[in-house]
Amino acid sequence: MALDQVDVDQEEKKVGKEMSFLDHLEELRWHIIRSLSVISVFGIVLFLNQEWMFNVLIFGPSKQDFITYRALCSFSKSMGLGDTMCFAATKVNLQTIGFAEPFVTSMWVSFVVGLILAAPYVLWEIWRFVSPGLLPKEQKAATGAVAVCSFLFLLGVVFGYFLMAPFAINFLIGYTIPGVTNVPTLNSYINYMVMFTLPLGLVFELPVVVYILARIGLITAQDMRAFRRQAIVVILIVAGIITPPDVVSQLFVTIPLYTLYEVSILIAKRVAPRDDDDDEPSKAVTPS
């Protein structure tokens, strides 16, 4: 029995000494290299098919036949509302003013879209780097974290692309000042497309953030309920920042964000009892 304990202690010391600080940096470097490699592969494929990428993917939300416009129009007619929800997309005429702007923009768009497509793999690499430092109990609690984070991120991006971007672009391009011709640059259009998608992908990770904070005891469901009014104000401010000043776009962002907040409260409520349950066995062992 004593020999077994000595072997266990020696094994733990060996594991603890396996990787130094420089070893961890080297390990992190390879995780980053592998992630960038996957992103680069997606980016190269997209760059070589940039005609499809721009005409279908990037400029899609600005076209009249975009799936969101067609779906809303079909829904409006099926509900007997006629053309009430049929939106007419404003034609977008873009220009480039920099000598190398088309090339640089193509590279930038390929990288950003490649990053979005490679997000599940990047999150998996992050998990591979972090998980060895977690206790078995913590690893078990985080089972499926990569899948959940990937799903929420992609859900936020898809939500921004199909619901927020079409109406925001239509509003912004249709807003004019008397005597001024609105001819936006390609770079400006791309920047707004990124703003309409990537931030929402990160915002949709709110339930995961709340789960982690609740597990370590920094936040509780009671705290989130107490600050519900303040949270609504913050959500409205965020919606106002990342959307154009029209009611439809702001509602499209505000409602899902508030729903995520309420879901996060339920998550925090479910997480809290687990900590209490973990303490029960130790109390039961204590002799009376």
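Here is what the cut-offs are and how they apply
Residues numbered from 1 in each chain as written. Predicted model: local features only at pLDDT ≥ 70, side-chain atom pairs only at ≥ 80, totals over all residues. Heavy atoms only, no water. Salt bridge = Lys/Arg side-chain N within 4 Å of Asp/Glu carboxyl O. Helix = DSSP H or I, 4+ residues; strand = E, 2+ residues; numbered from the N terminus. Buried < 20%, exposed > 50% of the residue type's maximum accessible area, 1.4 Å probe, protein only. Core = buried A, V, L, I, M, F, W, Y, C linked by side-chain atoms within 4.5 Å. Contact = heavy atoms within 4.5 Å. Arc of directions from axis to C-beta.

Quick word on the pattern of salt bridges
What the rule picks out here adds up to 4 salt bridges. Across the salt bridge formed by R29 and E26, the nearest N and O atoms sit 2.8 Å from each other. Taken as a pair, R29 and E26 lie in helix α2 (residues 21–48) at a separation of 3 residues, close to a single helical turn. Residue class for R29 comes out partly exposed when judged on its relative accessible area of 40%.

Focus: the nonpolar core
In this structure, F54, I58, V109, I169, Y189, I190 and M224 are the most contacted members of the largest nonpolar core, which totals 46 residues. Broken down by secondary-structure element, the contributors of at least two residues to this core are α3 (50–58), α5 (101–117), α8 (145–174), α9 (186–203), α10 (206–215), α11 (221–226), α12 (228–242) and α13 (247–285). At 9 residues, the largest contribution of residues to this core is made by α8. Residues in contact with I190, not counting those within four places in the same chain, are F54, I58, T105, W108 and V109.

Section: α3
M53, F54 and I58 are the residues of α3 that are buried. Around the axis of α3, the buried residues are gathered within 90 degrees of arc, so they sit on the same side. At its buried positions, α3 is contacted by α2, α5 and α9.

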